[in-house]
Amino acid sequence: MEKITKDLDSSLNLAIAGTGAAKQDGASDAAVPFDLLSAIPRIPQGRPMTVDETVTELKQHPIFMTDMDDLENAEDNPELAAIQAIAYDGTPLENATNFKEQGNECFRAKKWADAKEFYNKGIALLAAEDKRRSTSTPSASASALNPEDTPDEEISAQHALLETLHGNRAACHLELRNYRSCTTDCASALRLNPSNLKALYRSARALLALDKLPLALDACAHGLQLDPSNAALLSLHTQITTRTTHLTAKSRATAEREALTARRLTLLKTALRARGIRTRSTGAKPEMEDAKIHLTPSEDDPTSTVSFPTLLLYPLQNDMDFIKGFNETQTLENHFAYVFPTPWDRSGEYATAAAVECFMETAAGGLVKVGKKVPLLKVLSSSAVEVVDDLVKIFVVPKGKVEAWVREFKEKKGVVDGKG
């Protein structure tokens, strides 16, 4: 606490001494942009403040700010800008030049983030000068801190330096892959000088990275109008046109693929409708990899037959078999020929097709028996059943246990219906 108190006392003494010096130079109170003495923050009265509370309170005031973001926004805070003008030893142009040189040293060392911070400070300082000039009246522009209007030559030099700083910061953003920030800085540099080749080049590179190809090509073309033989711009122009060609081909292929998918879906829906097969989606389609309802042998031929992903459910064993493509012309016996006997059936209840009975749930929630020799199309075209979420489900039950299972199934559905 003692160290903090000494530091604060030192800062207060400097502020007071600075104000006294301004008055000794003969400047009137009206000539000072703000009263430094009255601007010193007052510690709130009442309960004693903790060390942390005291430091936090003081940091809210420009004199004691330490946060980089706050310090970089000097142009939005006239008091902070004025205090910075006192703190920097030199003119705004000299100080901003110094920041640029420090940034350049960091850039050469590939310390992109550090270089960017130095360029930030130079830009903030010169932007604050521009804002001060735009908001000051001729009579108020002269003060103890700015005794006379900035000469036109100085303003021109500041703007030239500001252009350079924006361009340099854009280079940092490019290295850091902050592509949108890079284009923003390039735009600021180009507003100051529309013929800035480096800004056009860096903007085109950033826009290429963002795949904003028409804008990238426009920036590159503008640069080549200024310097048709510029090797960097010519190389970049080739990269942009190559990327444009690639994305155009990719987009065309995607469009063709989507059109093919839409055409095949239309053909399939037409085929299902013509067969009287009802379908319904619950929005919870199970994961079936590439299995789907499809026309075969060709999805593009409306005369093809239809195949369905199918689950053979064994409810008494809590097991199942998945058939990727059960064609409408096939029967259950066709598939039981390779499914039976099942590897888990030790009792022999599923040894052959003749040993089981098969059922499908109806749209109303009941059961309908499925003949094992009946083509799937005949079963699905019945108005009683429907294909839910692109999947056919068939219950397979040993003959000797059918009656008990059917009764249990209906009882469970009755409980559900009672709740519904």
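Since the model is a prediction, treat every value here as computed from it, not as a measurement. (Residues numbered from 1 in each chain as written. Predicted model: local features only at pLDDT ≥ 70, side-chain atom pairs only at ≥ 80, totals over all residues. Heavy atoms only, no water.)

## So, the overall build of the protein chain
Definition in use: Helix and strand labels come from DSSP, where a helix needs a run of H or I of at least four residues and a strand needs a run of E of at least two; each type is numbered from the N terminus. A 1.4 Å probe rolled over the protein chains alone gives each residue an accessible area, and that area as a share of the maximum for its type sets the label: buried under 20%, exposed over 50%, partly exposed in between. Residues count as neighbours in contact if any of their non-hydrogen atoms are within 4.5 Å of one another. Surface exposure here means Shrake-Rupley accessible area, sampled with a 1.4 Å probe, where a residue is shielded only by the protein chains that are shown.
Helix and strand counts for the protein chain stand at 15 helices and 8 strands. Each of the 420 residues in the protein chain was classed as buried or not, and the buried ones make up 35%. When contacts within the protein chain are restricted to residue pairs at least 6 apart in sequence, those whose partners lie at least 24 apart make up 58%. By element, 53% of the accessible surface of the protein chain is carried by carbon and sulfur atoms, the whole surface being about 24,500 Å².

## Topic: the side chain of His335
Note that His335 resides in helix H13 (residues 332-339). Every residue in contact with His335, bar those within four places of it in the chain, is listed here: Ile323, Gly325, Phe326 and Gln330.

## A closer look at the packing of aromatic side chains
The cut-off we apply is this: Ring pairs shown here join Phe, Tyr and Trp side chains whose ring centres sit within 6.5 Å, with only the six-membered ring taken for Trp; geometry is labelled stacked below 30 degrees between planes, edge-to-face above 60, and tilted in between.
Across all of its chains, the model carries 10 aromatic pairs by this definition. On the numbers, 5.4 Å between centres and 50° between planes, the contact of Phe395 with Trp405 is tilted. Here Phe395 is found in strand S8 (residues 392-398), whereas its partner Trp405 is found in helix H15 (residues 402-419), with 10 residues between them in sequence. When sorted by exposure, Phe395 lands in the same class as Trp405, which is buried. By way of ring pairs, the aromatic residues Tyr314, Phe336, Phe340, Trp344 and Tyr350 are connected into one cluster.

## Section: the pattern of salt bridges
Keep this limit in mind: By convention in these notes, a salt bridge is any Lys or Arg side-chain nitrogen within 4 Å of a carboxyl oxygen on Asp or Glu.
Under the definition given, this model contains 18 salt bridges. Taking the shortest distance from any N to any O, the salt bridge between Glu386 and Arg278 comes out at 3.9 Å. Linking Glu386 in the loop between helix H14 (376-380) and strand S7 (387-388) with Arg278 in the loop between helix H12 (231-275) and strand S1 (279-280), this pair joins segments that are 108 residues apart in sequence. Its relative accessible area of 38% is what places Arg278 among the partly exposed residues.

## Observations regarding the confidence of the model for the protein chain
Here is the rule we go by: pLDDT gives the predictor's per-residue confidence on a scale running from 0 to 100.
Overall, the predicted model of the protein chain reaches an average pLDDT of 83, with 75% of residues at or above 70. In this model, residues 1-40 is a region of pLDDT below 50 whose contacts with residues beyond four sequence positions or in other chains number 31 contacts. Counting contacts from residues 415-420, a segment whose pLDDT is below 50, to residues more than four positions away or on other chains yields 0 contacts.

## Overview of the pairing of strand S4 (residues 319-327)
Cut-off, in case you're wondering: At least two DSSP bridges between two strands are needed for those strands to be called paired.
In terms of strand pairing, strand S3 (residues 305-314) meets S4 through 7 bridges, oriented antiparallel. The partner of Tyr314 across the bridge, within S4, is Asp319.

## What about the packing of helix H9 (residues 179-192) against helix H10 (residues 197-209)?
Applicable threshold: Note on method: axes are straight lines fitted to C-alpha atoms, helices fitted across the in-contact stretch only, with angles between N-to-C directions ranging 0 to 180 degrees. Angles are sorted into four bins: roughly parallel if under 35 degrees, roughly antiparallel if over 145, roughly perpendicular if 65 to 115, and oblique for all others. Here a crossing is taken to be left-handed if its near helix is turned anticlockwise relative to the far helix by less than a right angle, and right-handed if that turn runs clockwise. Lys, Arg, Asp and Glu make up the charged group, whereas Ala, Val, Leu, Ile, Met, Phe, Trp, Tyr, Cys and Pro make up the nonpolar group; the residues left over, Gly among them, are polar.
One way to put it is that H9 packs onto H10 with a least axis distance of 9 Å and a crossing angle of 155°. With respect to their mutual orientation, H9 and H10 come out roughly antiparallel. Once H9 is placed against H10, the crossing between them reads as left-handed. Contacts between H9 and H10 involve Tyr179, Cys182, Thr183, Cys186, Ala189 and Leu190 on the former and, on the latter, Ala199, Leu200, Arg202, Ser203, Ala206, Leu207 and Ala209. Considered class by class, the residues forming the contact of H9 with H10 number 10 nonpolar, 2 polar and 1 charged.

## Describing H10
Our working rule: Here the expected span of a helix is defined as 1.5 Å times the quantity of residues minus one. As used in this structure description, the phrase polar contact means that two N or O atoms lie within 3.5 Å; if the pair is within protein, one of them must be able to donate a hydrogen and the other to accept it, and residues adjacent in sequence are counted only when both atoms belong to side chains.
The first and last C-alpha atoms of H10 sit 18 Å apart over 13 residues, in line with the 18 Å expected at 1.5 Å per residue. Buried residues in H10 make contact with helix H8 (152-175), H9, helix H11 (213-226) and H12. Residue Asn196 occupies the N-cap position of H10, its side-chain oxygen lying 3.1 Å from the main-chain nitrogen of Lys198. Of the residues trailing H10, Asp211 is marked for its positive phi of about 60°.

## Re the packing of helix H7 (residues 112-135) against H8
Two elements in contact, H7 and H8, have axes whose closest approach is 9 Å; the angle formed by their N-to-C orientations is 150°. On the basis of their axis angle, the class for H7 and H8 is roughly antiparallel. Of the two elements, H7 crosses H8, and the hand of that crossing is left-handed. Counting all contacts with H7, which are made through Trp112, Ala115, Lys116, Tyr119, Asn120, Gly122, Ile123, Leu126, Glu129, Asp130 and Arg133, the residues of H8 involved are Ile155, Gln158, His159, Leu161, Leu162, Leu165, His166, Asn168, Arg169, Cys172, His173 and Glu175.

## A short note on the pairing of S8
Counting buried residues along S8, 6 of its 7 residues qualify, which places the element largely inside the surrounding structure. Sheet analysis places S3 next to S8, joined by 4 bridges and oriented parallel. Of the residues in S8, the one forming a bridge with Leu312 is Ile394. With 4 bridges joining them, strand S5 (residues 356-361) and S8 adopt antiparallel strand pairing. Within the sheet, the bridge partner assigned to Phe359 lies in S8 and is Phe395.

## A closer look at H13
We count it as follows: What the arc measures is the spread of directions leading from the helix axis to the C-beta atoms.
All of the buried residues along H13 are Leu332, His335, Phe336 and Val339. Looking down the long axis of H13, one finds its buried residues gathered within 105° of arc, a one-sided arrangement. Facing away from the buried side of H13 by more than 90 degrees, the exposed set consists of Ala337 and Tyr338. Contact partners of the buried residues in H13: S3, S4, S5 and S8.

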